[in-house]
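# Coordinate analysis (summary)
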Amino acid sequence: MGQIGYLFNLFFTFPIFNLLMMLDRMLGDFGLAIIVLTLIVKLILFPLTMKQLKSMKATQALQPQLSEIKKKYAKDQKAQMEATQALYKEYGMNPLAGSCLPLLIQLPVLFGLFYALSAVLTSAHTVHDINKLLYPFIPPFTTMPNLHSVFIYPFYHIPLNVPDPTHILPILAALATFVQLRMSQPKTQPGATPDATQTQMKLMQYISPLMVGFFGWNYAAGLALYWTVSSLFAIFQQYFVTGWGALLVTPDFLSNKNNNASNGRSYTGDRSKETKLLARAKEPEPKVEAAGENGPVGSQLKTGSHTNNSSSNRRRSASSRRRSSNNMPKRNASRR
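Remember, it's a predicted structure, so these values are computed and weren't measured experimentally.

Bringing the overall build of the protein chain into the picture now. Helices and strands together make up the secondary structure of the protein chain, namely 14 helices and zero strands. Going from N to C terminus, the protein chain has its helices and strands arranged as α-α-α-α-α-α-α-α-α-α-α-α-α-α. Per-residue burial over the protein chain gives 32% buried out of 336 residues. The contacts of the protein chain with a sequence gap of at least 6 include a subset with a gap of at least 24, amounting to 73%.

With that out of the way, let us pick up the nonpolar core. In terms of nonpolar packing, the biggest core is built from 37 residues, with L20, M21 and F30 touching the most fellow members. Looking at this core, the elements with two or more residues in it are α1 (3-27), α2 (30-44), α6 (95-123), α7 (127-131) and α10 (221-242). Per-element accounting of this core gives the leading share, seven residues, to α6. Among all residues touching F30, those that are not within four sequence positions of it are L20, M21, D24, V120, L121, N146, L147, H148 and L160. Counting residues in each nonpolar core, the second largest holds seven residues, with A83, L87, Y88 and M93 among its members.

Our focus in this paragraph is the packing of aromatic side chains. Two aromatic rings, taken as a pair, are described by how far apart their centres are and by the angle between their planes. For the coordinates displayed, the defined rule picks out ten aromatic pairs. Geometrically, the ring pair formed by F215 and Y219 is tilted, given 5.6 Å between the ring centres and 45° between the ring planes. Taken together, the aromatic side chains of F8, F12, F114 and Y115 make up a single cluster linked through ring pairs. Note that R25 overlies the ring of F141, its terminal NZ or CZ placed 4.1 Å from the centroid.

In this structure the tally under the stated criterion is one salt bridge. Among the ionic pairs, K132 bridges to D129, the shortest N-O distance being 4.0 Å. The buried category is assigned to D129, whose relative accessible area is 18%.

This prediction gives the protein chain a mean pLDDT of 74; 67% of its residues lie at or above 70. Every residue in residues 264-268 scores below 50 in pLDDT, and together they form one contact with partners more than four places removed in sequence or on other chains. Below pLDDT 50 for its whole length, residues 285-308 participates in three contacts with residues either more than four positions away or in separate chains.

Below, the discussion takes up the environment of A234. Note on placement: A234 falls in helix α10. Remark: the alpha-carbon pair of A234 and F46, spanning 188 residues in sequence, is separated by 9.6 Å.

Let us now look at unusual backbone geometry. The phi dihedral of H167 is positive, around 65°, even though this residue is not glycine. Overall, the relative accessible area of 24% leaves H167 in the partly exposed class.

Rules behind the numbers
- Residues numbered from 1 in each chain as written.
- Predicted model: local features only at pLDDT ≥ 70, side-chain atom pairs only at ≥ 80, totals over all residues.
- Heavy atoms only, no water.
- Helix = DSSP H or I, 4+ residues; strand = E, 2+ residues; numbered from the N terminus.
- Buried < 20%, exposed > 50% of the residue type's maximum accessible area, 1.4 Å probe, protein only.
- Contact = heavy atoms within 4.5 Å.
- Core = buried A, V, L, I, M, F, W, Y, C linked by side-chain atoms within 4.5 Å.
- Phe/Tyr/Trp six-rings, centres within 6.5 Å; stacked < 30°, edge-to-face > 60°.
- Lys NZ or Arg CZ within 6 Å of the ring centre and 35° of its normal.
- Salt bridge = Lys/Arg side-chain N within 4 Å of Asp/Glu carboxyl O.
- pLDDT = per-residue confidence, 0-100.

Have a look at this one:
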């Protein structure tokens, strides 16, 4: 072990390991001790995580302006960076301090928790291996700690230092990871073209749950329990800062599949119903005036039509009489 590894264990791994052993003695259940330890670590990192989530939410709100800057200065990277920095300065944002710094502080603590769990779950084979990692003020163990958990497996006698034979914890860890990553994605407007960062995040929201499920399937169940509790706590935090995000939006691969299915779907209905519909379509349409001739509007239209017809008939008879009277003198003259 190098100097960096020793310092990492001294400041992160050993303190978390001793806290885990103290919680196991106090609670009497190793699974419950892992849950409480995970919650303690997440509460310690709570202010930094909230700052990171708020910075993420502000960055998502500025995505339309950032996209416009990228389009405007697509061929000038220097002008693009200057415009982006000016936009951040206008809204009082510091993306490095808001997102990168909290994440850099959290990572060593999370890795220390992982290595502490690995030390007691996989690396420790005897009581001496456990006692040599304890602080002097903690009483040493006389027997190996009981790694079973009645709280997690009330109906199974399964230790947490072996892979979960029921595969419940790995599946829960993968699902919780997917939900948490899905909630961190912003809702994209229909027809909007995602940038490279959004495309990477969309890809990671499918790859990360698969990796978590794979490691939880093959490694100690206690590590899958830690990851499940950590992801559930992150979901709780994410909801109160950014809401559901893109969780309630249909994933891209499902929406594309549904669109393709709807476009390529052929009619497979009942042929008898189809024949009836075609026959009904060929029937002559009923006349409108017959349907409404008994109503007030129909009667008015009918009366008006009769009136117009009678008046036109009277005009025709009058004109015919005038023509006959004009022709009478001509006929008399011809006779003479």
